[in-house]
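What follows is the residue order along each chain.
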Amino acid sequence: MEPKQKSEQFIGQPRLPKFAVPKHYDLKLKPDLVTCKFTGTVDIDIDIVAETKFIVLNAAELVVDRGSVYFKNESSSKEFRPLEIELVGQDEILVLEFDDVLPIGKGILGIGFEGTLKDNMKGIYRSIYQHNGEKKNMAVTQFEPADARRCFPCWDEPACKATFKITLTVPSELIALSNMPVIEEKLEGELKTVCFQESPIMSTYLVAVVVGLFDYVEGQTCDGVKVRVYCQVGKGKQGKFALDVAVRTLELYKVYFALPYSLPKLDMVAIPDFAAGAMENYGLVTYRETALLYDEQHSAAVNKQRVAIVVAHELAHQWFGNLVTMEWWTHLWLNEGFATWVSYLAVDSLFPDWKTWTQFLDQLMEGLKLDGLEESHPIEVEIGHAGEIDEIFDSISYRKGASVIRMLQSYLGPERFQRALASYIKRYACSNAKTEDLWAVLEEESGEPVNMLMNSWTKQKGYPVVSVKFIDQNLEFEQSQFLSSGSQGVGEWIVPITLCCGSYDVQKNFLLRTKSEVLDVKEFSAECNWIKLNVDQTGFYRVKYDDVLAARLRYAIEASHLSATDRFGILDDSYSLCMARKQSLSSLFSLMNAYREELDYTVLSHLITVSYKVAGIATDANPGLADDIKQFFVNLFQYPAEKLGWEPKQGESHLDAMLRGEVLTALSEFGHDATQKEGVRRFQAFLDDRNTPLLPPDIRKAAYVSVMQNVSMSNRSGFESLLRVYRETDLSQEKGRILNSLASCPDPAIVLEELNFLLSSEVRSQDAVFGLGVSKEGRETAWQWLKDNWDHISKTWGSGFLITRFISTIVSPFSSEDKANEIEEFFASRVKPSITRTLKQSVEQVHINAKWVQSVRSEESLEGLVKELASRK
Ligand code: BES
Ligand code: ZN
């Protein structure tokens, strides 16, 4: 018997069948920005490589008329028409069945189609902007990972590379952009048809189109590549900083990768509605406004840095990703891990005083954090279905990925590493590569066992904690898998151990290849006061010191013998070991107290993050201690607060400007009265004059938080004023800053209002996630709100990756087993592939917190210590 549907044989497969290989797309699109529909045709040059009656390609949410479909064989000129066509929704494929067998050889497949410009920020979609007080629509594309199929039928897999010739028909007054430069424009009444030059070979996820009204600023690299930044009409000036970064970064990458940028132009566009931070489309990079635009008057130092990092990241993809592309999504980390790592390299070279490599430790720390969960995944991850791809754009692919690259670079040395990378790029240019291809080139160039070393980091999840003991002039090392839950994992790694002894000049390195090892340190242990492992935190592992070594390190911190990176590492390892209940909270508090004179931006900013977390846990464990805990942290940040003050100093560093905001915000969050009062006072001045020197952008968040800390249902005016500032500003970064501060209010009723505001039409759906970090007092309210609004939230954000942020931000702070069960129960009937992993990770974090709180309760010495620390001004 014939199968009911012939297409059945193609259903449920992760990859498309390989009967036909696309070589070239001639794509014509006509978006209608009034009705929000689009029509199009695509003629695809294909090679039939096996005789077949079927052609199977991707398409989703498109209407395809059977009459429009044809296949024409090149040598015989014979035209074939399909007998049947079927769009299989769940697999997003279009199955064309022909009457006759299509002969092996070249041919053209033609398809006509139409669809809708939706508001879901994927495929080809609509974004809304204001022009002369009027709302207007623009058409934008976002195809990564697998949404080109929502715009035109195609082989939507990264390895199916082809050339593209794109033609757009649009209203004549608008600007139409695509990957390549325009070669011809024809005016036809109210419309114009814009033809773009044919692209080099590229993957479908990198194709892009933007149609709307824009201003631009323009620059040029020394090779003559034209670079433009497009933004809303009237905001041209705000594009200048990104333009400058882009031009210099292209020049830098040309040297680093030993290959120039491969297209004749590079456009970068700010898009008002955009789900990710930015997207590296070949020659047409799209950004959120906050990641591209910089306003001299109203952007903060942290915004400036974000722009530089994002631009450097997306431009890195022009080589790593666009020119050399991952073979399949399993190797996504090759794209994202590398772009993340290289972006730090570029920004460090452009802005040396930003200490970018110290700031890289935020990436390392986030990678270690996620990978310390049992529900983590290996860097190289199986992908069964396109729906699973979104969730792997996570801290494992980006941050662990970037961190293991840094570890390898540090092991091989920067010169060898760069040489090998350049030859990898050259070898795989215009082609696709897998993880092992990169290792092979690095191994060839360096003669080191790169493949073996790196497999232990990319093919298994997790990482080790290396315990080190000093016994009889020997150092004893032992590795075991680190898990935040405190459980025993089974993983084993090849660990590049580095250590220094009493000074950075006395170093020793070796590969720990087995579970344990002993190192004789007689030769240099005599005069060394302290021993630090994982020098500069280049390794992706944690270190647990025995009591003697730990005490000496605490002393070394107080005596300023250690680098900022090492101070950071000691703090983060100790914090994590404490969470895993391998160390007491008292010992962590004592360690934190050693950072009283800390002034490094990255270290202090992490100290603040750790403070929030442990204050929450300690208060859950012992509510009676809440005030003393707050006082301890207020004391801890007194020194930097006094050094920095509220007023920016003439000519001060970028890092001090950022630090001031963070320290004052922390003091305000911890209830420091004088800070809150000053914040409120300055906010009042700001309300009278948005350009007041009393509230420069770097300290605005501190003032906003101070305002919200004092808002309640009976004293709402600060909240209303902040909403007014939100409504009046047209700078996205200002809106973001406000959303970020609003939930920092101790009155749950206000928190609820704020959360509802996030769902209103006043907040773009891309931005709602910024307002979810509620105060401790608002935690329960936020959870109830999430449940009450789940249907709406799931409908609005459910088709992208933003939905995961609702879950992780609201769920993870809880710290009781009952709550963990309640959460699991609620989601039992609501879970779907795009949130499965995040949900499991968030619930695991709640279990970890619950156990942590329990163990803190049994720490007898804690209360006395906290009271003592609170009294030490
Ligand atoms: N390729 C991504 C954009 C992306 C993210 C597409 C998720 C599809 C799903 C882009 O290169 C990227 O990584 N953007 C980052 C910014 C970067 C500086 C880390 C982002 O969007 O946050
Ligand atoms: Zn990226």
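How each quantity is defined
- Counting restarts for each chain, with residues numbered from 1 along the sequence as it is written.
- Whichever chain is written first becomes A and whichever ligand is written first becomes 1, with later ones labelled in order.
- This being a predicted model, a pLDDT of at least 70 is required before a residue's local features are given, and a value of 80 or more before pairs of side-chain atoms are given or counted; all residues contribute to the totals for chains, interfaces and linings.
- To get the side-chain values, all heavy atoms of the structure are used, and hydrogens and water are removed first.
- Any residue with an atom within 4 Å of a point lines the site, the site being either a cavity, points on a 1 Å grid over the protein atoms alone where a 1.4 Å probe fits but cannot get out, or a pocket, an open set with protein on both sides within 12 Å along at least 5 of 7 lines.
- Grid points are joined across faces, edges and corners, and a volume is the space filled by probe spheres set on the points.
- Each residue is assigned to one of three groups, with Ala, Val, Leu, Ile, Met, Phe, Trp, Tyr, Cys and Pro labelled nonpolar, Asp, Glu, Lys and Arg labelled charged, and all others, Gly among them, labelled polar.
- Here, strands pair whenever DSSP counts at least two bridges between them.
- Labels follow the DSSP assignment, with helices taken as runs of H or I lasting at least four residues and strands as runs of E lasting at least two, numbered in each case from the N terminus.
- Atoms of type N, O and S within 2.8 Å of a metal are treated as its donors, and for Na, K and Ca the window is 3.2 Å; water is not considered, so some sites may appear to be missing partners.
- Relative accessibility decides the category of a residue: with a 1.4 Å probe and only protein chains considered, values under 20% of the type maximum give buried, values over 50% give exposed, and everything between is partly exposed.
- Simply put, an axis is a line fit to the C-alpha atoms, just over the touching stretch for a helix, and the angle between two N-to-C directions goes from 0 to 180 degrees.
- For classification purposes, angles smaller than 35 degrees are called roughly parallel, those larger than 145 roughly antiparallel, those between 65 and 115 roughly perpendicular, and all remaining angles oblique.
- The hand of a helix crossing depends on one turn: near helix anticlockwise from the far one by less than a right angle means left-handed, and clockwise means right-handed.
- The contact rule is simple, with two residues in contact once any of their heavy atoms fall within 4.5 Å.
- Segment limits for the domains were obtained from an automatic or database-derived domain assignment.
- Any residue with at least one heavy atom within 4 Å of a molecule or strand is counted as near it.
- What qualifies as a polar contact is a pair of N or O atoms within 3.5 Å, subject to a donor-acceptor requirement within protein and to the restriction that residues adjacent in sequence count only when both atoms come from side chains.
- Only the protein chains shown count as cover for residues, and all accessible areas are computed by the Shrake-Rupley method using a 1.4 Å probe.
- Accessible-area loss on putting two parts together, using a 1.4 Å probe and summing over both, is the definition of buried area adopted here.
- Salt bridges are identified by distance alone: a Lys or Arg side-chain nitrogen within 4 Å of an Asp or Glu carboxyl oxygen.
- One fewer than the residue count of a helix, multiplied by 1.5 Å, yields its expected span.
- Only the six-membered ring of Trp is used, alongside the rings of Phe and Tyr, when aromatic pairs are assigned; centres must lie within 6.5 Å, and planes under 30 degrees apart are stacked while those over 60 apart are edge-to-face, with the rest tilted.
- Over a ring means this: the NZ of a Lys or the CZ of an Arg is within 6 Å of the ring centre and within 35 degrees of the ring normal.
- Like-charged residues within 9 Å of one another, or nonpolar side chains (Val, Leu, Ile, Met, Phe, Trp, Tyr) within 5 Å, are grouped into patches, provided each residue has over 30% relative accessible area and no salt bridge.
- The sign given to each residue is positive for Lys and Arg and negative for Asp and Glu; His and the chain ends receive no count.
- Note that the charge is assigned to NZ on lysines, CZ on arginines, CG on aspartates and CD on glutamates.

What about empty space enclosed by the protein?
(1) Moving on: Tallying each qualifying case throughout the model produces 6 cavities of 30 Å³ or more.
(2) Moving on: Roughly 80 Å³ of volume is contained in the largest cavity.
(3) Moving on: Every residue along the wall of the largest cavity is listed here: Phe38, Glu61, Thr116, Lys118, Asn120, Lys122, Ile124 and Arg150.
(4) Moving on: Of the residues belonging to the lining of the largest cavity, the class tally is 2 nonpolar, 2 polar and 4 charged.
(5) Moving on: Every residue lining the second largest cavity is listed: Thr221, Asp223, Val225, Leu250, Glu251, Lys254, Pro260 and Tyr261.
(6) Moving on: Looking at the lining of the second largest cavity, its residues break down into 4 nonpolar, 1 polar and 3 charged.

Quick word on the pairing of strand β24 (residues 464–471)
(1) Moving on: Sheet topology places β24 next to strand β25 (residues 474–481); 8 bridges connect them, and they run antiparallel. Residue pairing across strands places Lys469 opposite Glu476, the latter belonging to β25.
(2) Moving on: Linking β24 to β25, which pair antiparallel, is a turn of 2 residues; within it Asp472 sits at a positive phi near 50 degrees.
(3) Moving on: Note: β24 against strand β30 (residues 542–545), 4 bridges, orientation parallel. Bridging from a neighbouring strand, Val468 pairs with Tyr545 of β30.

Topic: the coordination of the zinc ion (ligand 2)
(1) Moving on: Donor atoms from the polypeptide that coordinate the zinc ion (ligand 2) comprise His313 (NE2), His317 (NE2) and Glu336 (OE), at 1.9 to 2.1 Å from the metal.
(2) Moving on: Positions of the donor residues of the zinc ion (ligand 2), expressed as sequence spacing, correspond to H-x3-H-x18-E. One end of the pair, His313, is in helix α2 (residues 301–319); the other, Glu336, is in helix α3 (residues 332–350), with 23 residues separating them in the sequence. Here His313 matches Glu336 in class, with each residue buried.

Focus: unusual backbone geometry
(1) Moving on: Here the bond from Glu144 into Pro145 is cis, since omega is 0 degrees, no more than 30 degrees from zero.
(2) Moving on: When you line up the elements, Pro145 lands in the loop between β11 (134–142) and β12 (163–171).
(3) Moving on: Phi is positive for Asp472, which is not a glycine, with a value near 50 degrees.
(4) Moving on: With respect to the helices and strands, the residue Asp472 is situated in the loop between β24 and β25.
(5) Moving on: Residue Asp472 is classed as exposed on the basis of its relative accessible area of 66%.
(6) Moving on: Non-glycine residue Asp536 carries a positive phi angle of around 65 degrees.
(7) Moving on: Residue placement: Asp536 occurs in the loop between β29 (531–533) and β30.

Here's the deal with the sheet that holds strand β7 (residues 82–88)
(1) Moving on: Here 3 strands make up an open sheet; going across it, the order is β3-β8-β7 and the pairing antiparallel. At either end of the open sheet lies a strand with only one pairing partner, and these are β3 (52–58) and β7. Shown here is a sheet whose adjacent strand axes are inclined to one another by a mean of 20 degrees, direction ignored.
(2) Moving on: Where β3 meets strand β8 (residues 93–102), 6 bridges bridge the pair, whose relative direction is antiparallel. Each bridged residue has a counterpart across the sheet, and for Ile55 the counterpart in β8 is Leu96.

Focus: the packing of helix α12 (residues 564–579) against helix α13 (residues 585–593)
(1) Moving on: Viewed as axis vectors pointing N to C, α12 and α13 meet at an angle of 165 degrees, and their least axial separation amounts to 9 Å. Relative to α13, α12 is oriented roughly antiparallel. For the pair α12 and α13, the crossing hand works out as left-handed. In this structure, α12 contributes Ile570, Leu571, Ser574, Tyr575 and Cys578 to the contact, and α13 contributes Leu585, Leu588, Leu591 and Met592.

What to know about the layout of surface pockets
(1) Moving on: Volume-wise, the second largest pocket comes out at about 430 Å³.
(2) Moving on: Residue lining of the second largest pocket: 19 residues in total, with Glu92, Lys122, Arg150, Gly387 and Ser799 positioned closest to the centre.
(3) Moving on: Among the residues forming the lining of the second largest pocket, the class breakdown is 4 nonpolar, 7 polar and 8 charged.
(4) Moving on: Both domain 1 (19–213) and domain 2 (320–458) contribute no fewer than three residues apiece to the lining of the second largest pocket.

Notes on the site of ligand 1
(1) Moving on: Neighbouring residues of ligand 1: 16 residues in total, closest Glu144, Gly277, Glu280, Glu314 and Tyr398.
(2) Moving on: Between ligand 1 and Glu280, the relevant distance is 2.7 Å, taken from a nitrogen atom to a side-chain nitrogen or oxygen of the residue.
(3) Moving on: Separating an oxygen atom of ligand 1 from a side-chain N or O atom of Glu314 is a distance of 2.7 Å.
(4) Moving on: For ligand 1, the protein covers 88% of the area, taking 510 Å² as the surface of the free molecule.
(5) Moving on: For the shell around ligand 1, the secondary-structure elements that each account for two or more residues are β20 (278–279) and α2.
(6) Moving on: For the shell around ligand 1, the leading source of residues is α2, giving 5 residues.
(7) Moving on: Classifying every residue of the shell around ligand 1 gives 7 nonpolar, 4 polar and 5 charged.

Some details on the domain arrangement of the chain
(1) Moving on: You can read the domains of the chain as domain 1 (19–213), domain 2 (320–458) and domain 3 (464–553).
(2) Moving on: Averaged C-alpha coordinates put domain 2 and domain 3 at centres separated by 25 Å.
(3) Moving on: On the domain 3 side, the residues contacting the 20 residues of domain 2 number 20 residues.
(4) Moving on: Summing both sides of the interface, domain 2 and domain 3 together bury roughly 1800 Å²; the carbon and sulfur share of this comes to 67%.
(5) Moving on: Broken down residue by residue, the surface that domain 2 buries against domain 3 is led by Leu368, Met407 and Trp457, which jointly contribute 31%.
(6) Moving on: In this assembly, domain 2 and domain 3 are joined by 0 salt bridges.
(7) Moving on: Scanning the region where domain 2 abuts domain 3 turns up 9 residue pairs in polar contact (both at pLDDT 80 or more).
(8) Moving on: Listed by contribution, the elements that provide at least two residues to the side of domain 2 that touches domain 3 are α5 (361–371), α6 (395–412) and α9 (450–458).
(9) Moving on: It is α6 that contributes the most residues to the side of domain 2 that touches domain 3, 7 residues altogether.
(10) Moving on: Its residues assigned to classes, the side of domain 2 that touches domain 3 comprises 10 nonpolar, 5 polar and 5 charged.

As for α2
(1) Moving on: Over its 19 residues, α2 extends 28 Å from the first C-alpha to the last, a length consistent with the 27 Å expected when each residue adds 1.5 Å.
(2) Moving on: Most of α2 is tucked away, with 16 of its 19 residues classed as buried.
(3) Moving on: Just downstream of α2 lies Gly321, where phi reads positive at about 135 degrees.

Considerations on the packing of aromatic side chains
(1) Moving on: Taken as a whole and judged by the stated rule, the model has 55 aromatic pairs.
(2) Moving on: With a centroid separation of 5.4 Å and an interplanar angle of 45 degrees, the aromatic rings of Tyr424 and Tyr428 are classed as tilted. Taken together, the residues span about one helical turn, with Tyr424 and Tyr428 both in helix α7 (residues 414–428) at a distance of 4 residues. Residues Tyr424 and Tyr428 agree in their burial class; the two are buried.
(3) Moving on: Plain terms: the ring middles of Tyr463 and Phe482 are 5.8 Å apart, the flat faces sit at 20 degrees to each other, and that makes the pair stacked. Here Phe482 lies in the loop between β25 and β26 (495–501) and Tyr463 lies in the loop between α9 and β24, a separation of 19 residues in the sequence. Neither residue differs from the other here; Tyr463 and Phe482 are each classed as buried.
(4) Moving on: A cation over a ring is seen here: Arg248 above Phe351, with NZ or CZ 5.8 Å from the ring centre.
(5) Moving on: Of note, Lys735 hangs over the ring of Tyr726, and the distance from its end group to the ring centre comes to 4.6 Å.

Re a positive patch on the surface
(1) Moving on: A grouping of Lys469, Lys544, Arg581, Lys582 and Lys851 is seen on the molecular surface, where their side chains present a positively charged patch.
(2) Moving on: Within the fold, Lys582 resides in the loop between α12 and α13.

Points about the pairing of strand β27 (residues 507–512)
(1) Moving on: Relative to β27, β26 is paired through 6 bridges, and the arrangement is antiparallel. Residue Pro496 lies in a different strand from β27, and its bridge partner there is Leu511.
(2) Moving on: Joining the antiparallel neighbours β26 and β27 is a turn of 5 residues, in which Gly502 adopts a positive phi near 75 degrees.

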